[in-house]
Amino acid sequence: MESRLKLKKSDYIKTSLRSYFLQNGFNYNSYQGTGYAYSIYPALKKIYKGKPKELKEALLGNIEFYNTSPHMVPFISSLQLAMLDNGEDVKDARGMKLALMGPMAGIGDSISQFGLAPLFSTIAASLAIDGLIAGPILFLVAMIGIILAIKLTMGLLGYKLGTKVIDVLSQKISIISEAANIIGVTVISGLAVSFVKADIALKYTTTLDSGEEQVVALQTIFDQILPRLLPALVTIGVYYLIKKHNWSTYKLIGLLLSLGIILSALGVLS
Amino acid sequence: MDISMFQALLIGVITAICFSGMLLGIYTNRVIVLSFFVGLVLGDVKTGLAMGAIGELAFMGFGVGAGGTVPPNPMGPGVVGTIMAITLKSSGMTVETALALSYPFAVLFQLATTAIYTVFSGTPASAKKALEQGKYVKFKLLTNSTFIGFLVVGFAVGFISSVSMGALEAFVEAFPVWLLDGLTVAGKLLPAIGFAMIMTVMAKKEHIPYVLLGYALVAYLELPVMGVAIIAAVFALIVYFRADQESATFRNDDESEVTTDGI
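Residues numbered from 1 in each chain as written. Chains lettered and ligands numbered in written order. Predicted model: local features only at pLDDT ≥ 70, side-chain atom pairs only at ≥ 80, totals over all residues. Heavy atoms only, no water.

Honestly, the overall build of chain B in this entry has me stumped. Any pointers?
Along chain B, the regular secondary structure elements total 14 helices and zero strands. Ordered by position from the N terminus, the helices and strands of chain B form the series α-α-α-α-α-α-α-α-α-α-α-α-α-α. Its C-alpha atoms give chain B a radius of gyration of 24 Å, more than 25% over the compact-globule value 18 Å for 263 residues. Seen through its principal axes, chain B has C-alpha atoms that stretch 80 × 65 × 25 Å. (Helix = DSSP H or I, 4+ residues; strand = E, 2+ residues; numbered from the N terminus. Rg over C-alpha atoms; globule rule 2.2 N^0.38 Å.)

This is the structure in structure tokens:
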């Protein structure tokens, strides 16, 4: 039975690595469509060896619209190839591919965009601010290494197991991503108040009982009540504008640029 | 300082590779990476790192929003911002001012990216035709068209930014002092957008305690990032083990559930 199969484990690994090409043809029409077909092309060539007509049809069937996480896609391509190699219906394989597009995009995004990238980005930035070149190097090595591991794990998982794993996987992932979220929120909240800076330049003069004049900086008073209050307020304000009023990035950039320039010119902030 | 033709070409090549790495999903098109390499080429790693750190945090939240949003591109601060921060350092350019000045470029580069995606919208149709005619080499070329487009645009961004620094220097020098001061203040406020952006997707109502925790750890205890991360990990692990246990109990054991209810 084994000998009937045309794809070996190495073919699945190769296809998983070819997922790096998934977005090489990215466009606003089919998104990752052509890239997907390109990444499974060598494997399809093996499955349909000596059947040029079927190969052509398989490729044509796979350049349709596709948009998922480039890190999780090996799971999908491995499953699809395993189904095709086992002689299952092309339509079923296509249905599975389309069904997994959304869930895999969700899982992939929560791992990479909301988990790994902010985590290593903040660590790397805090190293770089101290003048350590370890910052950018650690960022690249960690991101590239972990994503390679995710790609290979997903590719082998799709090859070994069936569609049933996705339920278990997404259940476990939701707990893990919640835990990662907690770390992310705490760290980002702390970073926000250390990297957003707003110092009040206003000062006022009081006359002491002794007749001496004393200059009191407003910022010093604020710092005694709630340190870094202004940066926190600015961040909360921007958060509110995004969340409640759907402000675009460009509007926000415009707002903060003009706020900065006006308040600095008026001598409120320094 | 002046940028030699060789340095300009090198920056062009590095930008091309880093920018197209965005398609490969290898996280090279980030401010911290671009700034470091530009700093390395221009012989000022220190400023490159400083620019990379502030730019990375400011741009961290961009691109995590709902699909279809077009975030400013990291090449703005990463390439143009870093070049400004290094070459105009002697005339008083700070990394904050460079960050503020680089936003328009970040927007411009993003428009270029959108333009590439739009221009190559015709490739699926051509790819289909190539397949139908059995032209597999042409098909392969078409599936990599966006990548090639990114390489070309990335090189142009890096190279042109490097050779036109003289013009930019004159432009910046024409700025009055109050405006440059204002841009510095604005540069310190701008990272708020990135942080707020990422918070809108990560933080839900039940995360408010962790927002307060992060604030207190930094504002009052002045802990470094790793310290904050470790304390946060304590809470994350508690939540993780509790959720794991709950789902395990939920799955197999009815009796234990009854007992718990009894208490």
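Hey, could you run me through the environment of Ile 236 of chain A in this one?
Residues and elements named next belong to chain A. Here Ile 236 lies in helix H9 (residues 229-245). Taking relative accessible area as the criterion, Ile 236 reaches 53% and is therefore assigned exposed. Separated by 126 residues in sequence, Ile 236 and Ser 110 have C-alpha atoms that sit 23 Å apart. (Buried < 20%, exposed > 50% of the residue type's maximum accessible area, 1.4 Å probe, protein only.)

Help me out: how do you make sense of the layout of surface pockets in this one?
One way to see where empty space is left: roll a probe the size of a water molecule over the atoms. Of the pockets and cavities examined, the second largest pocket occupies roughly 510 Å³. In this structure, the second largest pocket is lined by 19 residues; those nearest its centre are Ser 189, Ala 232 and Ile 236 of chain A together with Met 199 and Val 211 of chain B. Contributing elements (two or more residues each) for the lining of the second largest pocket: helix H7 (165-195) and H9 of chain A together with helix H11 (191-202) and helix H12 (208-219) of chain B. Per element, the largest residue contribution to the lining of the second largest pocket is six residues, and it comes from H9 of chain A. When the residues that make up the lining of the second largest pocket are grouped by side-chain class, the tally is 15 nonpolar, two polar and two charged. (1 Å grid on protein atoms, 1.4 Å probe; cavity = no way out; pocket = protein on both sides within 12 Å on 5 of 7 lines; lining within 4 Å. Points joined across faces, edges and corners; volume = space filled by probe spheres on them. Nonpolar A, V, L, I, M, F, W, Y, C, P; charged D, E, K, R; others polar.)

Please clarify how the packing of aromatic side chains should be interpreted in this entry.
The geometry of two aromatic rings is summed up by the distance between their centres and the angle between their planes. Enumeration over the complete set of coordinates arrives at 19 aromatic pairs over all chains. With a centroid separation of 6.5 Å and 40 degrees between ring planes, the pair formed by Phe 105 of chain B and Phe 109 of chain B is classed as tilted. With Phe 105 of chain B and Phe 109 of chain B both in helix H5 (residues 95-119) and four residues apart, the pair spans about one turn of that helix. With a relative accessible area of 25%, Phe 105 of chain B lands in the partly exposed category. Looking at Phe 109 of chain B, the relative accessible area reads 7%, which means it is buried. Members of the aromatic cluster, each reached through a chain of ring pairs, are Phe 26, Tyr 28, Tyr 31 and Phe 65 of chain A together with Phe 19, Tyr 117 and Phe 150 of chain B. In this structure, Arg 18 of chain A packs its charged tip against the face of Tyr 38 of chain A, placed 4.7 Å from the ring centre. Above the ring of Tyr 66 of chain A, the side-chain terminus of Lys 97 of chain A is found at 4.8 Å from the ring centroid. (Phe/Tyr/Trp six-rings, centres within 6.5 Å; stacked < 30°, edge-to-face > 60°. Lys NZ or Arg CZ within 6 Å of the ring centre and 35° of its normal.)

Teacher, can you tell me more about the domain arrangement of chain A here?
Many analyses report the size of an interface as the accessible area lost when the parts associate. Examined at the domain level, chain A breaks down into domain 1 (2-193) and domain 2 (196-265). With centres defined by C-alpha atoms, the gap from domain 1 of chain A to domain 2 of chain A works out at 44 Å. (Domains from an automatic or database assignment.)

For this particular structure, what's the right way to read the side chain of Arg 30 of chain B?
Tracing the chain through its elements places Arg 30 of chain B in the loop between helix H1 (5-24) and helix H2 (31-41). Setting aside chain neighbours within four positions, we find Arg 30 of chain B in contact with Ala 117, Ser 121 and Phe 139 of chain A together with Glu 56, Met 60 and Pro 74 of chain B. (Contact = heavy atoms within 4.5 Å.)

Looking at this model, I keep getting lost on empty space enclosed by the protein. Mind explaining?
All names here are of chain A. Within this structure, the stated rule accounts for one cavity of 30 Å³ or more. Of the voids in this model, the largest cavity is the one considered here, and its volume is about 40 Å³. If you trace the largest cavity, you find it lined by Ile 200, Gln 219, Phe 222, Asp 223, Leu 226, Arg 228, Leu 229 and Leu 230. Counting only elements with at least two residues in the lining of the largest cavity, the list comes to helix H8 (218-225) and H9. The greatest single-element share of the lining of the largest cavity, amounting to three residues, is contributed by H8. The residue inventory of the lining of the largest cavity, partitioned by class, reads five nonpolar, one polar and two charged.

Help me out: how do you make sense of helix H5 (residues 90-129) of chain A in this one?
It helps to recall that an α-helix has 3.6 residues per turn; residues three or four apart then point in one direction. A maximum bend of about 35 degrees is found in H5 of chain A at Met 101 of chain A, where proline Pro 103 of chain A lies one to four positions downstream. Gly 131 of chain A sits one or two positions beyond H5 of chain A and adopts a positive phi of about 80 degrees. (Bend = angle between axes of the 7 residues up to and from the residue.)

Would you take a moment to explain the interface of chain B and chain A for this structure?
Tallying the contact residues gives 97 residues for chain B and 91 residues for chain A. Here chain B and chain A share an interface that buries about 8,400 Å² over both sides, 75% of which is from carbon and sulfur atoms. In terms of surface lost to chain A, no three residues of chain B exceed Tyr 27, Leu 189 and Met 202 of chain B, which account for 9% of the buried area on that side. A salt bridge links Arg 228 of chain A to Glu 222 of chain B, with the nearest nitrogen and oxygen atoms 3.6 Å apart. If you look at where chain B meets chain A, you find 19 residue pairs in polar contact (both at pLDDT 80 or more). No other element matches helix H13 (residues 225-252) of chain B, which puts 14 residues into the side of chain B that touches chain A. When grouped by side-chain class, the residues that make up the side of chain B that touches chain A number 67 nonpolar, 18 polar and 12 charged. (Buried area = accessible area lost by both parts, 1.4 Å probe. Salt bridge = Lys/Arg side-chain N within 4 Å of Asp/Glu carboxyl O. Polar contact = N/O pair within 3.5 Å; in protein donor to acceptor, adjacent residues only side chain to side chain.)

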